[in-house]
Structures are given as structure tokens and as C-alpha cells.
Amino acid sequence: MIVLSHVLTVLDLLDRPDASGKLVAEHLRALGDDACSIVVETVAGEQGSTDFIQVTVPGSRGRTIGGDAPTLGVVGRLGGLGARPELIGYVSDGDGATAAIATAAKLLAMHARGDILPGDVVISTHICPDAPTRPHDPVPFMDSPVDITAMNEHEVTSEMDAVLSIDTTKGNRIVNHRGIAISPTVRAGYILPTSADLVSVLETVSGEPAVVFALSTQDITPYGNGLHHLNSILQPAVATAAPVVGVAITTVTPVAGCATGASHEVDIALAARFSVEVAKGFTAGAVSFYDEAQAALLEGLYGPATHLQTTGTVPAKP
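Everything numeric in this text was worked out from a predicted model, so none of it was measured.

**Q** Help me understand the overall build of the protein, please; the structure alone is not making it clear to me.
**A** Tallying secondary structure elements over the protein gives seven helices and 11 strands in all. The globule rule puts the C-alpha radius of gyration for 318 residues at 20 Å, and the 18 Å found for the protein is close to it. In terms of principal-axis extent, the alpha carbons of the protein reach across some 60 × 50 × 35 Å. In the protein, the share of contacts with a sequence separation of at least 24, taken over all contacts with a separation of at least 6, comes to 77%. Total accessible area on the protein stands at roughly 13200 Å², and carbon and sulfur atoms take up 54% of it. Each charge class in the protein was averaged separately, 17 positive and 34 negative side chains, and the resulting centres sit 3 Å apart.

Take a look at the structure:
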């Protein structure tokens, strides 16, 4: 199956009030083989519960079998798939989950057919059809039944040598483009230069000039510190020392994350195809997220920036 076919099937699984990790896992297990791992865990928070799902597709030289090929993480970041009972149907915010699950479906099918990547790929996201919403400028955001710390604990693992974080990024006036855009690489508190390798992959799969969206320092700090964030796309970067790149599913005009009927299947498939191609190149050592020598020089000159991965220090009152 081509990636778009996987996207359409996954959307049909997720656009329902009883969408669950169990339903998604059953679908994915039918595509893969016994070498692949699919784990579902239900986690409750103050505003409900969600099902975290993690898929591991082993590589021919991957760490799961004692090899030395690097491991790519793909995180589908979102608040929820739906805002029931406030709104009926699948919301735009769910596109990160759909893209990640479609990526897993494609890689599982490839593995079962014998197209095995050199390194492991770990894909994680969560399934929640009835998440809350919250105010945000310029349009409302989807909230989540669990906090960002719980998301990072269940979606970002120590095995990941680099991370793609896929997130609907439509509720802003920063990136005005229909399709997908990538961020500069974020690692250990630093916003590093955009990866030329990832730009090349994006231009190959899209057939268009790459779009890179702007980041501020506060966008890469943890939620909960009172600072305005573009969205949660770079929140995985606060939970790992590995390089993280955001893969934003974007629109020309601001669209609320809680909007229904606002998802574009072809754009979701583009994000998934990009992730699959990055997985091929990164696990083979042919695609790099950042220049290690330049990053080491930067840190040597200016010191570590890992304090930006924390919630910071509240200033003392005079």
C-alpha cells in the first residue's frame, strides 16, 4: 500500500467516538510480523484518559538485535483526536497522530515484505477521542487529558538517537503555507541550523522548495512556565539530549486545532512519507540532523544550554 492508502485507513479508525489504542494496535499487528513490537498503555489524568501506543520496527542492524545502526524516533504530537461532546468528529489537532500511525503502518508493511531498514524506528503517539479544549491566540487549541510531562515520558525514549515530532501547526501566523514545514534542529537547549540533509529529503518528497518555520527560544522551553509557545511541536526536545526536528502540518490561514473537517489527507501523507524517507536515510547513516563538530564548538564557546530544558527559576519578589 502507498502511504496515502494507510492515511485514509488510519483516519477511518480514528474518526469515531470509540477510537482507542486497542483498535489501532489490532490494525497495525495485521500489517507487521512477529519481530515488531506494539505496546498500548492507558494513562489517566485530571481531565480524562488517553491510550499511548508505541511501535518498534527493528532494523537489520538495529539495537534491538544488538546492532550498531542508529535509532530514529517518530512522535505524533497532539492534544486529542476529538473534543467530544463539545464537538462531533475528528479534529485538525489529530493529524500528528494520524501521520505517525501511518508512518508505522508503512514501515510495518515494508518489514513484513522484507524491506528492512538498517536501524530501528520507534513510533509513538496517543489516542484520545474526547480531549478538552483551551483558549489560545489567534485560535483555540486542543488540550489533553494528561500533561506534557506524561506525554514525554511515554512518547520519548532513551533509545531514540534523533526525533521527528509531527504536529498540526495551523493555529498561527508564523508559517503561512499549505503542506508541511520543518523546524531547525533543537538539541540540548540550543536551536541549531536547519539540517541540509532534511531539507533535501523534504524537497524530494514534496517536489517543492522546503519551508522552514521560525522558532523562538521560548518555543523550545517546557510547557507550564508561563511563556507563550507556538505549540507543543518541540516539547519532545525538553525530554532528551538527542536532536529533535519538528514536522509541522500547516495551512495558509490560521485554523483552530479543535476545528473539524479541517484535515487534508494529502498533507498528512506528505508528513508520513517524509518520516519514512528520513528513517531510511538516518538509520543508514546517510542523513544527519546536525553538524556534531559545530555543535561541540558552540557549546564549548558558550557553555551548555540545558537549563532551557527545565521550567526555569521563578524570580524572587523584591
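**Q** Can you walk me through helix 4 (residues 148–155) in this structure?
**A** Note: α-helices contain 3.6 residues per turn, so residues at a spacing of three or four share the same orientation. For helix 4, the set of buried residues is Ile148, Ala150, Met151, Asn152 and Glu155. In this structure, the buried side of helix 4 is in contact with strand 2 (48–57), strand 3 (72–77) and strand 4 (121–127).

**Q** Help me understand the pattern of salt bridges in this model?
**A** Charged atoms that come close allow side chains of opposite charge to pair. One pass over the full model with this rule turns up eight salt bridges. With a closest N to O distance of 3.2 Å, Asp95 and Lys170 form a salt bridge. In this pair, Asp95 is assigned in helix 3 (residues 95–113) and Lys170 in the loop between strand 7 (162–168) and strand 8 (179–182), connecting sequence segments 75 residues apart. Among the residues examined, Asp95 registers a relative accessible area of 0% and is labelled buried. Between Glu277 and Lys280 there is a salt bridge, and its shortest N-O distance comes to 2.9 Å. You can see Glu277 and its partner Lys280 sitting in helix 6 (residues 265–283), three residues apart, about one turn around the helix.

**Q** Whenever I open this one, the packing of helix 2 (residues 21–31) against helix 3 confuses me. Can you help?
**A** Helix packing geometry: the angle between the two helix axes and the distance between the axes. Two elements in contact, helix 2 and helix 3, have axes separated by 8 Å at closest approach and are oriented at 25°. The angle between the axes of helix 2 and helix 3 places the two elements in the roughly parallel class. For the pair helix 2 and helix 3, the contacting residues are Val24, Leu28 and Leu31 in the first and Ile101, Ala105, Leu108, Ala109 and Ala112 in the second. The residue inventory of the contact of helix 2 with helix 3, partitioned by class, reads eight nonpolar, no polar and no charged.

**Q** Explain the pairing of strand 3 here, please?
**A** Where burial is concerned, most of strand 3 is hidden: six out of the six residues are buried. Alternating residues of strand 3 divide into Leu72, Val74 and Gly76 and Gly73, Val75 and Arg77, and every residue in both groups is buried. Here four bridges tie strand 3 to strand 4, and the two strands are oriented parallel to one another. Counted as the bridge partner of Leu72 is Val121 from strand 4. As a crossover connection, the stretch from strand 3 through helix 3 into strand 4 is right-handed.

**Q** Quick question: what am I supposed to make of the pairing of strand 7 here?
**A** The two faces of a sheet get side chains in turn, since along a regular strand they alternate between them. Here strand 7 lies mainly inside the structure; seven of its seven residues are buried. Where burial is concerned, the two faces of strand 7 agree: the one with Ala162, Leu164, Ile166 and Thr168 and the one with Val163, Ser165 and Asp167 are both buried. Relative to strand 7, strand 3 runs parallel, the two being bridged by six bridges. Each bridged residue has a counterpart across the sheet, and for Leu72 the counterpart in strand 7 is Ala162. The pairing of strand 7 with strand 11 (residues 244–250) spans six bridges and is parallel.

**Q** Would you mind going over the nonpolar core with me for this structure?
**A** One broad trend across soluble globular proteins is that nonpolar side chains are buried collectively. Judged by nonpolar contacts, the single largest core of 62 residues is most densely connected at Leu28, Val55, Leu72, Ile123, Phe274, Val278 and Phe289. Ignoring sequence-local partners within four residues, the contact set of Phe289 consists of Leu72, Ala162, Val163, Leu164, Thr185, Ser195, Leu198, Pro243, Val245, Val278 and Phe282.

**Q** Honestly, a nonpolar patch on the surface in this entry has me stumped. Any pointers?
**A** Where nonpolar side chains cluster on the molecular surface, the patch consists of Ile2, Leu4, Leu8 and Val266 and spans about 360 Å² of accessible area. On the secondary structure map, Ile2 appears in the segment before helix 1 (3–14). The class for Ile2 is exposed, based on a relative accessible area of 56%.

Cut-offs and rules
Residues numbered from 1 in each chain as written. Predicted model: local features only at pLDDT ≥ 70, side-chain atom pairs only at ≥ 80, totals over all residues. Heavy atoms only, no water. Helix = DSSP H or I, 4+ residues; strand = E, 2+ residues; numbered from the N terminus. Rg over C-alpha atoms; globule rule 2.2 N^0.38 Å. Contact = heavy atoms within 4.5 Å. Areas by Shrake-Rupley, 256 points an atom, 1.4 Å probe, with all protein chains shown as cover. Lys, Arg positive; Asp, Glu negative; His and termini not counted. Charge placed at Lys NZ, Arg CZ, Asp CG, Glu CD. Buried < 20%, exposed > 50% of the residue type's maximum accessible area, 1.4 Å probe, protein only. Salt bridge = Lys/Arg side-chain N within 4 Å of Asp/Glu carboxyl O. Axes fitted to C-alpha atoms, helices over the stretch in contact; angles between N-to-C directions. Parallel < 35°, antiparallel > 145°, perpendicular 65-115°, else oblique. Nonpolar A, V, L, I, M, F, W, Y, C, P; charged D, E, K, R; others polar. Pairing = 2+ DSSP bridges. Right-handed = clockwise from strand over helix to strand, strands pointing away. Core = buried A, V, L, I, M, F, W, Y, C linked by side-chain atoms within 4.5 Å. Patch = residues over 30% accessible without salt bridge, like charges linked within 9 Å, V, L, I, M, F, W, Y side chains within 5 Å.

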